[in-house]
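Structural overview for review
If you want the building blocks of each chain, they are given just below.
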Amino acid sequence: QVQLVESGGGLVQAGGSLRLSCAVSGRTRSTYYIRWLRQAPGKEREFVAAMSWSGAGTSYADSVKGRFTISRDNTKNTVYLQMNSLKPEDTAVYYCNTASNWGQGTQVTVSS
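Since we're looking at a predicted model, the values are computed, not measured.

Turning to the overall build of the protein chain, a few remarks are in order. The helix and strand inventory of the protein chain stands at 0 helices and 11 strands. Against the compact-globule benchmark of 13 Å for 112 residues, the protein chain has a radius of gyration of 13 Å, which places it among compact chains. Each principal axis of the C-alpha atoms in the protein chain carries an extent, and together these give about 40 × 25 × 20 Å. Within the protein chain, contacts between residues separated by at least 24 positions form 50% of all contacts whose residues are at least 6 apart in sequence. Accessible surface, the protein chain as shown: approximately 5,900 Å² in total, 47% of it carbon and sulfur. Here the protein chain carries 12 positive and 7 negative side-chain charges, and the mean point of each set is 7 Å from the other.

What follows is the structure, encoded as structure tokens:
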């Protein structure tokens with residue numbers, strides 16, 4: 001079992017930045033791939049970014065490429081999502097996920 005705890009969400013103006021954190025604990029040796037997803041009100045949950053736990057590869061949704069960066073600090077067992085040039089359409093609850101494990105989510109609100 002892997003536990004995920006997100007933090008770092010908040011309210012920011014369009015064009016601003018936030019950094020989300022996902023603290024990973026438990027059977028981290030079984031963690032191969034970490035993803036960030038988001039869900040806006042009334043919409044389906046959608047993929048945002050992902051990386052292998054080894055850091056060998058990353059991928060991004062087209063809507064966030066060039067603005068968001070996923071990274072990790074293995075010494076802290078933490079994965080980050082740096083979000084720059086935020087837009088109102090980035091407003092959503094952001095979730096950290098690996099396999100069948102999910103965090104509780106952190107709210108990001110971008111005002112215009």
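Turning next to the side chain of Ser 52. With respect to the helices and strands, Ser 52 occurs in strand β5 (residues 46-52). The buried category is assigned to Ser 52, whose relative accessible area is 14%. The residues contacting Ser 52, other than those within four sequence positions of it, are Tyr 32, Tyr 33 and Gly 57.

With that settled, the discussion passes to the sheet that holds strand β7 (residues 68-73). The 4 strands are arranged β1-β3-β8-β7 in an open sheet whose pairing can be described as antiparallel. Where the open sheet ends on each side, the last strands, each with one partner, are β1 (2-7) and β7. Direction aside, the axes of adjacent strands within the sheet are offset by 20 degrees on average. Bridge count between strand β3 (residues 18-26) and strand β8 (residues 78-83): 6 bridges; the pairing is antiparallel. Within β8, the residue paired with Arg 19 across the bridge is Gln 82.

This next bit is on the pattern of salt bridges. For the coordinates displayed, the defined rule picks out 4 salt bridges. Between Asp 90 and Arg 67 there is a salt bridge whose closest N-O contact spans 2.7 Å. Of this pair, Asp 90 sits in the loop between β8 and β9 (92-98) while Arg 67 sits in the loop between β6 (58-60) and β7, and the two are 23 residues apart along the sequence. The exposure class of Asp 90 is buried, given its relative accessible area of 0%. What you see here is one network of salt bridges that share partners, running through Arg 38, Glu 46, Arg 67 and Asp 90.

Formed by 27 residues in total, the largest nonpolar core has its most connected members in Trp 36, Val 48, Phe 68, Leu 81, Met 83 and Tyr 94. Only β1, β3, β4 (33-39), β5, β7, β8, β9 and β11 (106-111) provide two or more residues apiece to this core. When residues of this core are assigned to their parent elements, the largest contribution, 4 residues, is made by β3. Discounting chain neighbours no more than four positions away, the residues touching Phe 68 are Arg 38, Val 48, Tyr 60, Leu 81, Gln 82, Met 83, Asn 84, Leu 86, Asp 90 and Tyr 94.

About the thresholds
Residues numbered from 1 in each chain as written. Predicted model: local features only at pLDDT ≥ 70, side-chain atom pairs only at ≥ 80, totals over all residues. Heavy atoms only, no water. Helix = DSSP H or I, 4+ residues; strand = E, 2+ residues; numbered from the N terminus. Rg over C-alpha atoms; globule rule 2.2 N^0.38 Å. Contact = heavy atoms within 4.5 Å. Areas by Shrake-Rupley, 256 points an atom, 1.4 Å probe, with all protein chains shown as cover. Lys, Arg positive; Asp, Glu negative; His and termini not counted. Charge placed at Lys NZ, Arg CZ, Asp CG, Glu CD. Buried < 20%, exposed > 50% of the residue type's maximum accessible area, 1.4 Å probe, protein only. Pairing = 2+ DSSP bridges. Axes fitted to C-alpha atoms, helices over the stretch in contact; angles between N-to-C directions. Salt bridge = Lys/Arg side-chain N within 4 Å of Asp/Glu carboxyl O. Core = buried A, V, L, I, M, F, W, Y, C linked by side-chain atoms within 4.5 Å.

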